[in-house]
Amino acid sequence: MAVPPRVFPPRKRRPSAGAFLPPKFSDQRLLQSLFLLSQEISSLNPLQFLLKRNSSSIIRKTKILAFLFEELLKKPIPVLSPTLLCFEEMYLVLQRIKTLLEDCVNGSKMWLLMQSDSVANNFHELTAELATLLDILPVKDVEVSEDVEELFLLLRKQCSQAKVFVDERDSSLRLEVLTMLDRIQKEIVPDHSKLAEILDFLGLPNSLSCKEEIENLEDEVQNQQDEKAKSDVIALIGLVRYAKCVLFEPLTPGSDSKTKKSASDVNIPADFRCPISLDLMRDPVVVATGQTYDRESINLWIESGHSTCPKTGQALVHTSLIPNHALKNLIAMWCRELKIPFDTAEGNDRVNGVIKNKAALEATKMTASFLVSKMAASQSMEEVNGVIYELRTLAKSNSDSRACIAEAGAIPVLARYLGSDVGAGSLNLQVNAVTAMLNLSILEANKTKIMENGSALNGVIEVLRTGATWEAKGNAAATIFSLSCVHSHRKRLGRKTRVIKGLMDLAKGGPAGPKRDALVAILNLAGDREAVRRLVEEGVVDVVMEVINVLPVEAAAILEMVVRRGGITAVAAAHSTIKKLGTLMREGSETARESAAATLVTICRKGGAEMVVELASIIGIERIIWELMESGTVRARRKASSLLRIVRRWAAGLDGGFLEGRSAVATPTSSSSRVVISV
């Protein structure tokens, strides 16, 4: 099969700003900088696997330059005026040499292989520029020793005679990789022995080195501007991931010491959280009311039949979703700084913002099929744990991987390892199994597959109730949240007593992370009225009061949803929260203050004068409300205004304007209670 020699576009270089700006140094400072820079380049090791001759050659040439700069520095007062421009240009060339070498060492080896011709040409161009500068440098005028002058003249000759060198073995290996990708695209499984030879040549001898290579390729996707180039890098990711799984022993959490952080490991800024899911937004969009939500969450909200804005309660005049590119860029920058994977959800024809690549898709299918078959056939718990960890990692990467894993039949096999007997025998195995299920559930089609598989759903619930570790329980709660994003699934889960009790127990007794996972799942379930009734019966208000100091945003959001959908029983149960909500209005975050105000408005309107009396008894309540009206969000200011109106009408003995579902009779009474309510 003939493969075009230049399938991949030139590699994008990332030199520092200093590589393009001439330095404004004194003569002495310039020489010192040149000497230190040449020494730094000379101390670098040549590339070990690719472009070895190119890198060795340019490092040797730089060592000779270091002798020249050292000789010039020995002079009492070096004067470079006649040759100043030449030395400044030399500084720029050395900066670019250093950048090129560092980029080759620190970047992806597989992508460097694909760009070997282009990078070899870059080395030659820098050598040619160096030759030009050496030609115009009058070495006799700068007065150096004979030995250094001889070295200088030798260097000038070598640079002027240098030609582009492309290692035949590099070119041959590159052609093999391109041929392999072409065969994968045609659904032909790669020859494992050839795959092993390629990885061995590139210095990728184990799972950990392959994992680091995949991360470097993922960084390369972000660095590329061209869609075709991004797609080609995605194909290489698929190939390396497949090779990692079929050639090497799988990684486990203990052996994977360089695992990147996830969003759940850090404190997410409030502006980056979706108001619906309270999780990091991957694809923020703006609705008609001007509020921003994650696209997946707001789509589910609208598809569930809602026609109002979840945050403000205002009617949506249209359901168009406008991408919030500015916020998305900020989130991506934040994730990049903290090294948190940031994969977007921009439709079914894109993966991480990149048009799908056929070779990458087929490689992912092969990887998923291999891992699922190995998991099903393995008799060793240790081996199964490693395979499930690989599936967990793969399912985390993108929607195609989640689809391929589910299509390979992973869900019923994973369900075997969710039981309490597994948790007792292998803590990591249960954690990996439930986390893999969580990652799979992110894809909407997989939510239905999990809900329809009794073993899988019951397994997740069992981990929630009796999981061997808090991490396992927390990830089970997160899975319940993910599944409940679909309206029909939410109704079904909200009617399961084991789910409600499991979430409540975790919210009461778990550490901060799992506690938050449970609260977020409870908040989602509270979108169904029947589920709210069950939550109230199980004491959700008391649970919220226990955690409101630890997780005020989540707790206040749950209270708001419960009193809005739970009827008079929920309102009565919330009576004990009024004073705490008043404090939250004064001391909480912007989001918590908004939810507290909205909850108090609902409690007072539905609960009657007794609730208003409790609110009015809070010392300085009017001042708290006024402060919220001045500094809160748009919705918070509106709710605070309603709250102030309720309090003042009560103080004036006029309750009819704020009570719902009751007939009110205003009678002159003492100042402590002016209203008689008849139901």
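For the structure, see preceding data.
Calculation notes
Residues numbered from 1 in each chain as written. Predicted model: local features only at pLDDT ≥ 70, side-chain atom pairs only at ≥ 80, totals over all residues. Heavy atoms only, no water. Patch = residues over 30% accessible without salt bridge, like charges linked within 9 Å, V, L, I, M, F, W, Y side chains within 5 Å. Areas by Shrake-Rupley, 256 points an atom, 1.4 Å probe, with all protein chains shown as cover. Salt bridge = Lys/Arg side-chain N within 4 Å of Asp/Glu carboxyl O. Helix = DSSP H or I, 4+ residues; strand = E, 2+ residues; numbered from the N terminus. Buried < 20%, exposed > 50% of the residue type's maximum accessible area, 1.4 Å probe, protein only. Axes fitted to C-alpha atoms, helices over the stretch in contact; angles between N-to-C directions. Parallel < 35°, antiparallel > 145°, perpendicular 65-115°, else oblique. Left-handed = near helix turned anticlockwise from the far one by under 90°. Contact = heavy atoms within 4.5 Å. Nonpolar A, V, L, I, M, F, W, Y, C, P; charged D, E, K, R; others polar.

(A) Summary view of a nonpolar patch on the surface. Taken together, the side chains of Phe67, Leu151 and Leu154 present a nonpolar region at the surface, about 250 Å² in accessible area. Mapped onto the secondary structure, phenylalanine 67 falls in helix H2 (residues 52–73).

(B) Local environment of the pattern of salt bridges. Summed over all chains, the structure comprises 26 salt bridges. A salt bridge links aspartate 528 to arginine 495, with the nearest nitrogen and oxygen atoms 3.1 Å apart. Here arginine 495 lies in the loop between helix H22 (487–494) and helix H23 (497–509) and aspartate 528 lies in the loop between helix H24 (512–525) and helix H25 (529–537), a separation of 33 residues in the sequence. Looking at aspartate 528, the relative accessible area reads 5%, which means it is buried. The partly exposed category is assigned to arginine 495, whose relative accessible area is 36%. Each of Glu187, Lys358, Glu362 and Lys365 takes part in salt bridges that share partners, so that together they form one network.

(C) Representation of the packing of helix H14 (residues 381–397) against helix H18 (residues 427–441) in the model. Running from N to C, H14 and H18 cross one another at 25°; their axes reach a closest spacing of 8 Å. In terms of orientation, H14 and H18 fall into the roughly parallel class. Our pair here, H14 against H18, has a crossing hand that is left-handed. In this structure, H14 uses Met381, Val384, Asn385, Ile388, Tyr389, Arg392, Ala395 and Lys396 to contact H18, whose residues at the interface are Asn428, Leu429, Val431, Asn432, Ala433, Thr435, Ala436, Asn439 and Leu440. Among the residues forming the contact of H14 with H18, the class breakdown is 10 nonpolar, 5 polar and 2 charged.

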